[in-house]
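Analysis of the macromolecular model
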Amino acid sequence: MDLHEYQGKELFRSFGIPVSEGRLATTPDEARAAAEELGEPVVVKAQILTGGRGKAGGIKLAETPAEAQARAAEILGMDIRGHTVEKVWVERASDIAHEHYLSIAFDRSAKRPLFMFTTQGGMDIEEVAASSPDALVRLHVDPLEGFHPWHARRLVYQAGVEDPAEQKQIVAIIGKLYEAFVGCDATLCEINPLVVTPDGEVRALDSKFTVDDNALFRHPDLAEMRDVAATDPLEALAREKGVTYVKLAGDVGVLGNGAGLTMATVDVVTFVGGRPADFCDLGGGGDAQGVVDALEVIAKDPDVRSIFFNIFGGITRCDEVARGILRALGQMGIEHPIVVRLDGTNAEEGRRLLREADATNVHTEATMLDGARRAVELAAAV
Ligand code: GDP
Ligand code: MN
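Values in this document were obtained by computation on a predicted structure and should not be read as measured data. (Residues numbered from 1 in each chain as written. Chains lettered and ligands numbered in written order. Predicted model: local features only at pLDDT ≥ 70, side-chain atom pairs only at ≥ 80, totals over all residues. Heavy atoms only, no water.)

1. Things to note about the domain arrangement of the chain
What counts, and what does not: Where each domain starts and ends follows an automatic or database-derived domain assignment. Contacts: residue pairs with any heavy atoms within 4.5 Å of one another. The term buried area denotes the loss of accessible surface (1.4 Å probe radius) that occurs when two parts are joined, taken as the sum for both partners. One speaks of a salt bridge when a side-chain nitrogen belonging to Lys or Arg is within 4 Å of a carboxyl oxygen belonging to Asp or Glu. We define a polar contact as two N or O atoms separated by no more than 3.5 Å, with the added condition that, inside protein, one atom must be a possible hydrogen donor and the other a possible acceptor, whereas residues neighbouring each other in sequence contribute only through side-chain atom pairs.
Assigned domains within the chain: domain 1 (21-92), domain 2 (98-223) and domain 3 (232-381). Inter-centroid distance (C-alpha atoms) of domain 1 to domain 2 is 26 Å. Taken together, the five residues of domain 1 in the interface contact four residues of domain 2. For the pair domain 1 and domain 2, the summed buried area comes to about 280 Å², and 21% of that belongs to carbon and sulfur atoms. At the boundary of domain 1 with domain 2, the tally comes to two salt bridges. The partner of Asp124 in a salt bridge is Lys55, and the shortest N-O contact between them spans 3.9 Å. For the pair domain 1 and domain 2, the interface holds two residue pairs in polar contact (both at pLDDT 80 or more).

2. What to know about the coordination of the manganese ion (ligand 2)
Applicable threshold: The donor set covers N, O and S atoms within 2.8 Å of the metal, switching to 3.2 Å for Na, K and Ca, and it leaves out water, so a site may look short of donors. Here a strand is any run of E in DSSP of at least two residues, a helix any run of H or I of at least four, and the numbering for each starts at the N terminus. Relative accessibility decides the category of a residue: with a 1.4 Å probe and only protein chains considered, values under 20% of the type maximum give buried, values over 50% give exposed, and everything between is partly exposed.
Looking at the manganese ion (ligand 2), one finds its protein donor set to be Asn192 (O) and Asp206 (OD), positioned 2.1 to 2.2 Å from the metal centre. One end of the pair, Asn192, is in strand E11 (residues 186-196); the other, Asp206, is in the loop between strand E12 (202-204) and strand E13 (208-211), with 14 residues separating them in the sequence. Of the two residues, Asn192 and Asp206, both sit in the buried class.

3. Here's the deal with the environment of Glu320
Turning to its location among the elements, Glu320 is positioned in helix H11 (residues 318-332). Note: C-alpha distance between Glu320 and Ala105 (215 residues apart in sequence) is 42 Å.

4. So, the site of ligand 1
Which entries qualify depends on this criterion: The criterion for a residue being near a molecule or strand is simple. One of its heavy atoms has to lie within 4 Å of it. Only the protein chains shown count as covering a residue, and every accessible area follows the Shrake-Rupley method with a 1.4 Å probe. In the scheme used here, Gly and all other residues not listed as nonpolar or charged are polar, with Ala, Val, Leu, Ile, Met, Phe, Trp, Tyr, Cys and Pro taken as nonpolar and Asp, Glu, Lys and Arg as charged.
Lys45, Arg53, Gly54, Ser94 and Glu99 are the nearest of the 15 residues found near ligand 1. Between ligand 1 and Arg53 there is a distance of 2.8 Å, counted from an oxygen atom to a side-chain nitrogen or oxygen. Residue Gly54 places a main-chain N or O atom 2.8 Å away from an oxygen atom belonging to ligand 1. Relative to its free-state accessible area of 560 Å², ligand 1 is covered by the protein chains to the extent of 78%. Of all elements in the fold, only strand E3 (42-46) and E11 reach the threshold of two or more residues within the shell around ligand 1. Across the shell around ligand 1, the residue classes tally to six nonpolar, five polar and four charged. Built from parts of two domains, the shell around ligand 1 gets at least three residues from each of domain 1 (21-92) and domain 2 (98-223).

5. Here's the deal with helix H8 (residues 233-241)
The set of residues buried in H8 consists of Leu234, Ala236, Leu237 and Ala238. Where the residues of H8 are buried, they touch strand E14 (244-247) and helix H10 (288-300). Trailing H8 by a residue or two, Gly242 shows a phi angle of about 75 degrees, which is positive.

6. As for the side chain of Ser20
Mapping Ser20 onto the fold places it in the loop between helix H1 (5-14) and strand E2 (22-25). Side chain to side chain, Ser20 and Arg203 meet in a polar contact 3.4 Å long. The residues contacting Ser20, other than those within four sequence positions of it, are Arg13, Glu91, Arg92, Ser94, Arg203 and Leu205.

7. Quick look at the side chain of Glu5
Within the fold, Glu5 resides in helix H1. Take Glu5: its relative accessible area is 3%, and that puts it in the buried class. Only 2.6 Å separates the side chain of Glu5 from the side chain of Lys9, close enough to count as a polar contact.

8. What about the packing of H11 against helix H12 (residues 347-357)?
Rules: Axis geometry follows a simple rule: fit a line to the C-alpha atoms, using only the stretch in contact for helices, then measure angles between N-to-C directions, giving values from 0 to 180 degrees. For this classification, under 35 degrees means roughly parallel, over 145 means roughly antiparallel, 65 to 115 means roughly perpendicular, and everything else is oblique.
Here H11 crosses H12 at 25 degrees, and the two axes come no closer than 7 Å. One element, H11, and the other, H12, form an angle in the roughly parallel class. For the pair formed by H11 and H12, the contact residues are Cys318, Asp319, Ala322, Arg323, Ile325 and Leu326 on the first element and Ala347, Glu349, Gly350, Leu353, Leu354 and Ala357 on the second. Of the residues that constitute the contact of H11 with H12, the class distribution is eight nonpolar, one polar and three charged.

9. Quick look at the sheet that holds E3
In plain terms, the rule: Any two strands are treated as partners once DSSP identifies two or more bridges connecting them.
What the four strands build is an open sheet, ordered E2-E7-E3-E4; its pairing is antiparallel. The sheet terminates laterally at E2 and strand E4 (59-62), the two strands that pair on one side only. Direction aside, the axes of adjacent strands within the sheet are offset by 20 degrees on average. Here E3 pairs with E4 via four bridges, running antiparallel. Bridge assignment links Val42 to a residue of E4, and that residue is Ala62. Sitting on the sheet, helix H3 (residues 65-75) is in contact with E3, E4 and strand E7 (88-92), with an inclination near 165 degrees to E4.

Below is the structure:
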């Protein structure tokens, strides 16, 4: 789960990382009031779940409250790479002498958290990594050993920070960033830029904070930060119902049991010339209610023209799945053609239930390949 800049900064503040004073605003009037409270000048910053806002015109300086109001009016409602700006963060503007870059992310290949630090902050870190790789200092932390102050000192010395007072502040921030990263079960905490003011004060001017979804159950306060309005409505519905669902670009709804079979189903639909509308995994032991929930999510997608159910019953019993399909049809009046391939545990029983129900839009197929072909044909015919 990605957090907004203002949420990440709130967490930074709670872990003792210095940030600027600011207020959230959803209207130009609120932005004006925030600027009056904070004292000018301020920066007005679009709060969207994507980076590069500065280049896209989503960050503007304002010298007076009236100007803050005008800049907020420009930024609110702006579309930045498909994200509509609904909120702005109004922050007391900082004077900047230097911009550094500091992050800690989970490095899956090394199976360890990885710190990255460079004095060439502010711009795209990918650019720094490509153009001057030596300037980007990288350091893993062994999670069993944990973080030690020498990690921070090494990052700061290797990157070439020379001022002792600045070194001291950055070393402290690195330690606190590690605490925030571990304490919040984050997968990424990034500060770009980490600025040094002309007075030599170090402060986080931006925040990119990603929390591991699988750890949210133990952070109810973080789970509440999810911006439901900014997530895909179908994926939000799926999450609410506990359905594993990923929206794709095509028109054949795909439902399987188990991630492996579902991925293979997506491949087979593509192989026979179709375009999958989603990846939806019922998981093991899927009961009738699980099928009803999954079908509800898939059928809500306006792009879906046919639905392909591909079930191999191991733990999952095919008769349960068939009951779920019939119950969903009864409850929701789904009109899409549904192709069902049932195999494995209680498949005979499942097919018999479907046959006897005699629903006109349900078609059974014996193999995965035939089922995919049929679903693609039916999608094309709609
Ligand atoms: P991003 O473009 O989405 O990464 O947004 P940032 O929050 O990193 O801001 C982009 C750039 O705007 C920064 O690198 C700064 O150069 C500039 N900026 C942001 N806040 C301030 C501020 O308070 N004062 C000044 N002078 N510049 C700022
Ligand atoms: Mn930034």
